[in-house]
2 protein chains.
Amino acid sequence: MSSESQRMEKIVSLCKRRGFIFQADEIYGGLNGVWDYGPLGVELKRNLKDYWWRVMVRERDDVVGLDGAILTHRAALKASGHEDTFSDPMVDCRTCKVRLRADQLPEKNGVPQCPNCGGKDLTEARPFNLMFSTQMGASADPDSIAYLRPETAQSIFVQFKNVLDTSRKKLPFGIAQIGKAFRNEINPRNYIFRSREFEQMELEYFCRPEQGAELLEYWKNERLRFYENIGLPNEKLHVLTVPEADRAFYSKGTYDIEYDFPFGRQELEGVAYRTDYDLTQHQKASGKPLDYFDEETKQRFIPHVIEPSAGVDRTVLALLCEAFAEETVTDEKGKSETRTVLRFHPRIAPIKVGVFPLLKNQPALVEKARQVQALLRPLMNVFYDETGAIGRRYRRQDEAGTPFCLTIDFESLGERDAALRDTVTLRHRDSMEQERVAIAELPARLLLAIA
Amino acid sequence: MSSESQRMEKIVSLCKRRGFIFQADEIYGGLNGVWDYGPLGVELKRNLKDYWWRVMVRERDDVVGLDGAILTHRAALKASGHEDTFSDPMVDCRTCKVRLRADQLPEKNGVPQCPNCGGKDLTEARPFNLMFSTQMGASADPDSIAYLRPETAQSIFVQFKNVLDTSRKKLPFGIAQIGKAFRNEINPRNYIFRSREFEQMELEYFCRPEQGAELLEYWKNERLRFYENIGLPNEKLHVLTVPEADRAFYSKGTYDIEYDFPFGRQELEGVAYRTDYDLTQHQKASGKPLDYFDEETKQRFIPHVIEPSAGVDRTVLALLCEAFAEETVTDEKGKSETRTVLRFHPRIAPIKVGVFPLLKNQPALVEKARQVQALLRPLMNVFYDETGAIGRRYRRQDEAGTPFCLTIDFESLGERDAALRDTVTLRHRDSMEQERVAIAELPARLLLAIA
């Protein structure tokens, strides 16, 4: 096994053991390509999404939010092209009856073979639509088909006019959305990287046609900065200029922002210049005007759009892969051991600070520790722990990726040295260095570090 | 039309006009019982959910979070009882072919009639399951059926052991989740109150059997306090003790927390003592142990559970209904007009503060206003507006429910009175009173008000 696949196995194992990610319905044998986020995972994911929302929506004058439904009208996904063309080519093996991706068949002497039984008697390739469908309402006719959206983007286009009319925005402006999307992947793989249920963070940024090329560059750069700001280093991020032949026919340019995962270089986000394709399609199909009236030039036109589209789950996975480290350290007794640590950027770490009384059977220490917890809790996610040796408590927080730990000891009570009263030991996750800090200084100090 | 239904119509109209809520896929004729949240609605909903998460998870030592998948294994919803019993009785009208809820048929002389055509030739009632189903994977056999979860609760029960093992919690403790759920309601109604796609905020609080009765009371009271803390007054909240005959057979007690909507008194949240029913069902069906080992008593048992289960969308609707007001006010010229205002609690208001330069053609005013915006933006949701008369800008923010507005005027520049330099007019939404406040005091003052 390669060291990179060993590394991936260790990450998956840590995520299960520490409660970041579980397989969905595991006790029933699991649901292939579907995942649940546990107590640490849900906080990590929330921090990522909240940071995206903060910089993409709340800190900008030119972007507003939307939260569209998952259930989607068939006509909307007909107009967008998904019903007709959002498919993978599939073949059936006539020997063992298994269904396979036609574009992923192994070949022997140039002849495609079934990877399951080795058979060569395969059907012609047929398109298999990747959308999940369901029936809505009491009757079961074709009119009652609805889809689970395969991307969040379409509800932004469909609601473009409503948002424009109610928000009074002028071009250029964007509509942003975070939410779940669903694709019936035949071959879900690479843990949470390619799953059937996933979450997206998408911005549709509308502009005048002549602004499109420049804004494509602008958003590519903004999004690169975002990933650096959550702790993915520049040297592991790569911008792929998607060649014209690989782009959608309507696209005037697409960048893929890729990250070096242990399983290879893979896409985190696509930044696509989609021109006026989507709004035009929906205007045609619905018969409702989706154009923009420019009050200065008195012109009516359909805006162009730049779409930075990020995957929540694959970004979570990149954060986990980037953060994971194993080090050999020497303990107090001179014995060397392996330390497992998740070096999350403090901004996205699930727990910001651990608070420990040195001894749980000393009421004065426990009381002081509880006071520190109460002081910090309104400001950040705090974890209180009083069980086991301090060294073990540090290790547990290392594995959870907690950047700071505070130990309340007898010095904190001022028993030996009054000058140390109401100070604590602040221990740093990455350097393992410890320093003495006044309790009163903690809120400002820690808030700055996690902002 | 009754004044209450007029009131409801006005609320729905305001929500559309100001971008709180749109019908999903409206340009395609709409999707019945499915809604999209616009720019103001998404912020309102986020604030509600964030506050719930803060008080139910982050500020408690005894609750951890989970984010489970929507797609759910058929076996899990078989074990929970949903596949067999989560249904409404339906009849078909043989005359006009419409399908109807058997328990909602109008009667004439004691004979049920079709409300559509008045016909009396109806089929026998048959159960119609309310779960949305879909096919997962490439083949289309019964094994590939998956459901969209009808409630978030079941993934908490299914992951109980994983969360217990990884979080090291001791009883009593809870697992909390916010997420979407889906029910194929035959008759979605009352705007976003009963829709087919909705969001839940659920806590499953596990305890020893002997603690159940007391914790049911505890959580009922906690949840009532929650609603008061987001601005629903005590006198419009009602606790219904669900009679034993109306409870699930396994429940040892259920309270419904109800609110006086314009369309009647309706349930916001159920607080149910579900005993050990769910974990026992999943243990039996999966063959996996879902019990708890008490280290003190050395006993193994299946915990009991109290479930406070709140609806996000219906709480949003209650907040909108409670906040909506029309008043007759007199403008500067002595003309009386109707002021529409959403009196949201500042904690959940979508926009916390509007920032206005008195005149947009005065660069010094605009610059100072932009400084105030930049000062406050990292702390809260700020809306900058420079267009139209100040009175109109106030009215626009009244309709959006913004509790505070700041006007930067010539006094702010200190041109007439140096003592007023760097002060602004703080205008209060509800009283419409104005006061002079130093810019430096704004962050602390406003943060306290929205906390």
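Keep in mind it's a predicted model, so treat the numbers as computed, not measured. (Residues numbered from 1 in each chain as written. Chains lettered and ligands numbered in written order. Predicted model: local features only at pLDDT ≥ 70, side-chain atom pairs only at ≥ 80, totals over all residues. Heavy atoms only, no water.)

S.K.: Would you take a moment to explain the overall build of chain A for this structure?
M.R.: What chain A contains, in helices and strands, is 12 helices and 26 strands. Its C-alpha atoms give chain A principal-axis dimensions of about 80 × 65 × 50 Å. Across the 451 residues in chain A, those meeting the buried criterion constitute 59%. A fraction of 64% describes how many contacts in chain A between residues 6 or more apart in sequence connect residues 24 or more apart. (Helix = DSSP H or I, 4+ residues; strand = E, 2+ residues; numbered from the N terminus. Buried < 20%, exposed > 50% of the residue type's maximum accessible area, 1.4 Å probe, protein only. Contact = heavy atoms within 4.5 Å.)

S.K.: Looking at this structure, how should I read the pairing of strand β16 (residues 264-275) of chain B?
M.R.: The two faces of the sheet receive side chains in turn, since in a regular strand these alternate between them. Residues and elements named next belong to chain B. Pairing geometry for strand β15 (residues 253-261) and β16, over nine bridges, is antiparallel. Bridging from a neighbouring strand, Tyr255 pairs with Val271 of β16. Where β15 folds back onto β16 in an antiparallel hairpin, the turn is made up of two residues. Strand direction decides the pairing type here: β16 and strand β19 (residues 304-311), joined by six bridges, are antiparallel. Across the sheet, the residue bridging to Thr275 is Val305, located in β19. (Pairing = 2+ DSSP bridges.)

S.K.: Where do I start with the relation of the copies chain A and chain B in this structure?
M.R.: Relating one copy of the chain to the other takes a rotation about an axis and a shift parallel to that axis. When chain A is fitted onto chain B, the two copies agree to an RMSD of 0.1 Å after a turn of 180° and an axial shift of 0.0 Å. The transformation just described matches what one would write down for a two-fold rotation axis. Minimal C-alpha distance to the rotation axis in chain A is attained by A:Thr134, lying at 2.6 Å. Residue by residue, 100% of the interface of chain A is reproduced at the interface of chain B, so both copies engage with the same surface. (Least-squares fit on C-alpha atoms with pLDDT ≥ 70 in both.)

S.K.: How should I be thinking about the sheet that holds strand β25 (residues 423-428) of chain A in this particular structure?
M.R.: Each strand in a sheet pairs with its neighbour through backbone hydrogen bonds, running either in the same direction (parallel) or in the opposite one (antiparallel). All names here are of chain A. Here we have five strands laid out as an open sheet, ordered β23-β22-β24-β25-β26, and mixed in their pairing. The open sheet has two free edges, formed respectively by β23 (382-384) and β26 (434-438), since each of these has just one partner strand. Across the sheet, the mean angle from the axis of one strand to that of its neighbour is 30°, orientation sign disregarded. In this sheet, strand β24 (residues 404-408) lies alongside strand β22 (residues 353-357) in parallel orientation, the contact comprising five bridges. Counted as the bridge partner of Val353 is Phe404 from β24. (Axes fitted to C-alpha atoms, helices over the stretch in contact; angles between N-to-C directions.)

S.K.: Help me understand the packing of aromatic side chains, please; the structure alone is not making it clear to me.
M.R.: For any pair of aromatic rings, the description consists of the separation of the ring centres together with the inter-plane angle of the planes. With the rule as written, the count across this model stands at 38 aromatic pairs over all chains. Ring geometry for B:Phe249 against B:Tyr277: centres 5.4 Å apart, planes inclined by 85°, an arrangement best described as edge-to-face. Taken as a pair, B:Phe249 in the loop between β14 (237-241) and β15 and B:Tyr277 in helix α8 (residues 277-286) lie far apart in primary sequence, 28 residues in all. Assessed through its relative accessible area of 72%, B:Phe249 is described here as exposed. Ring geometry for B:Phe261 and B:Phe263: centres 4.9 Å apart, planes at 10°, overall stacked. Aromatic ring contacts, followed pair by pair, group A:Phe157, A:Phe160, A:Phe173 and A:Phe206 into a single cluster. Taking the ring centre of A:Phe226 as reference, the NZ or CZ of A:Arg223 above it sits at 4.2 Å. The positively charged end of A:Arg370 is found above the aromatic ring belonging to A:Tyr384, 3.5 Å away from the centroid. (Phe/Tyr/Trp six-rings, centres within 6.5 Å; stacked < 30°, edge-to-face > 60°. Lys NZ or Arg CZ within 6 Å of the ring centre and 35° of its normal.)

S.K.: Quick question: what am I supposed to make of the interface of chain A and chain B here?
M.R.: A common measure of how large an interface is: the accessible area buried when the components associate. Between chain A and chain B, the contact holds 85 residues from the first and 85 residues from the second. Note on chain A versus chain B: buried area summed over both sides is about 6900 Å², and carbon and sulfur give 53% of it. Three residues, A:Ile27, A:Tyr28 and A:Arg58, lead the burial of chain A against chain B; their summed loss comes to 12% of the area buried on that side. For the pair chain A and chain B, the number of links is 12 salt bridges. With a shortest N-O distance of 2.6 Å, B:Arg377 and A:Asp61 are connected by a salt bridge. Counting every contact that joins chain A to chain B gives 46 residue pairs in polar contact (both at pLDDT 80 or more). (Buried area = accessible area lost by both parts, 1.4 Å probe. Salt bridge = Lys/Arg side-chain N within 4 Å of Asp/Glu carboxyl O. Polar contact = N/O pair within 3.5 Å; in protein donor to acceptor, adjacent residues only side chain to side chain.)

S.K.: It is not clear to me how the confidence of the model for chain A should be interpreted in this structure. Could you clarify?
M.R.: Detailed reading of predicted coordinates is not advised where the pLDDT is low. Per-residue confidence for chain A gives a mean pLDDT of 95; residues scoring 70 or more make up 99%. If you check the scores for this complex, the pTM reads 0.96 and the ipTM reads 0.95. (pLDDT = per-residue confidence, 0-100.)

S.K.: Could you clarify how one ought to interpret the pairing of strand β12 (residues 173-182) of chain B in this entry?
M.R.: Residues and elements named next belong to chain B. β12 sits mainly inside the fold: 10 of its 10 residues count as buried. Relative to β12, strand β3 (residues 63-65) runs parallel, the two sharing three bridges. Looking across to β12, one finds that Val63 is bridged to Gly174.

S.K.: Could you clarify how one ought to interpret the state of the cysteines in this entry?
M.R.: By definition, a disulfide is the covalent link that joins the sulfur atoms of two cysteine residues. Residues and elements named next belong to chain B. Summed over the entire model, instances satisfying the criterion amount to zero disulfides over all chains. Unpaired in this structure, Cys93 has its nearest cysteine sulfur neighbour in Cys117, at a distance of 3.7 Å. Relative accessible area serves as the criterion here: at 1%, Cys93 is assigned to the buried category. (Disulfide = S-S within 2.5 Å.)

S.K.: Can you help me understand the environment of A:Leu413 in this one?
M.R.: Residues and elements named next belong to chain A. Mapped onto the secondary structure, Leu413 falls in the loop between β24 and β25. When the C-alpha atoms of Leu413 and Ala323 are compared, they prove to be 36 Å apart, with 90 residues separating the residues in sequence. Ignoring sequence-local partners within four residues, the contact set of Leu413 consists of Ala364, Leu365, Lys368 and Arg421.

S.K.: Could you clarify how one ought to interpret the domain arrangement of chain A in this entry?
M.R.: Residue and element names in this part refer to chain A. Taken domain by domain, chain A holds domain 1 (3-72 + 151-319) and domain 2 (351-450). Distance from the C-alpha centre of domain 1 to the C-alpha centre of domain 2: 38 Å. Regarding the contact of domain 1 and domain 2, the summed buried area is about 520 Å², with carbon and sulfur atoms giving 41% of it. Connecting domain 1 to domain 2 are two salt bridges. Of the charged contacts, one joins Glu399 and Arg17 as a salt bridge, the two residues approaching to 3.0 Å between their closest N and O atoms. Along the contact surface separating domain 1 from domain 2 lie three residue pairs in polar contact (both at pLDDT 80 or more). Taken together, the elements giving at least two residues each to the side of domain 1 that touches domain 2 come down to α1 (3-17) and α2 (39-58). Tallied by class, the residues present in the side of domain 1 that touches domain 2 amount to three nonpolar, one polar and three charged. (Domains from an automatic or database assignment. Nonpolar A, V, L, I, M, F, W, Y, C, P; charged D, E, K, R; others polar.)

S.K.: How should helix α8 (residues 277-286) of chain A be read in this particular structure?
M.R.: Residues spaced three or four apart along an α-helix point in a common direction, a consequence of the helix completing one turn every 3.6 residues. Turning to α8(A), its buried residues number three or more, namely A:Tyr277, A:Asp278, A:Leu279, A:Gln281, A:His282 and A:Ser286. A:Gly287 lies just past α8(A) and shows a positive phi near 75°.

S.K.: Before we go on, may I ask you to explain the pattern of salt bridges in this structure?
M.R.: Side-chain pairs of opposite charge can arise whenever the charged atoms involved come near each other. Residues and elements named next belong to chain A. Evaluated as defined, the whole model comprises 95 salt bridges over all chains. Between Asp398 and Arg395 there is a salt bridge, with its nearest N and O atoms 4.0 Å apart. In this pair, Asp398 and Arg395 are both assigned in helix α11 (residues 390-400), three residues apart and thus about one turn of the helix distant. The class for Asp398 is buried, based on a relative accessible area of 0%.

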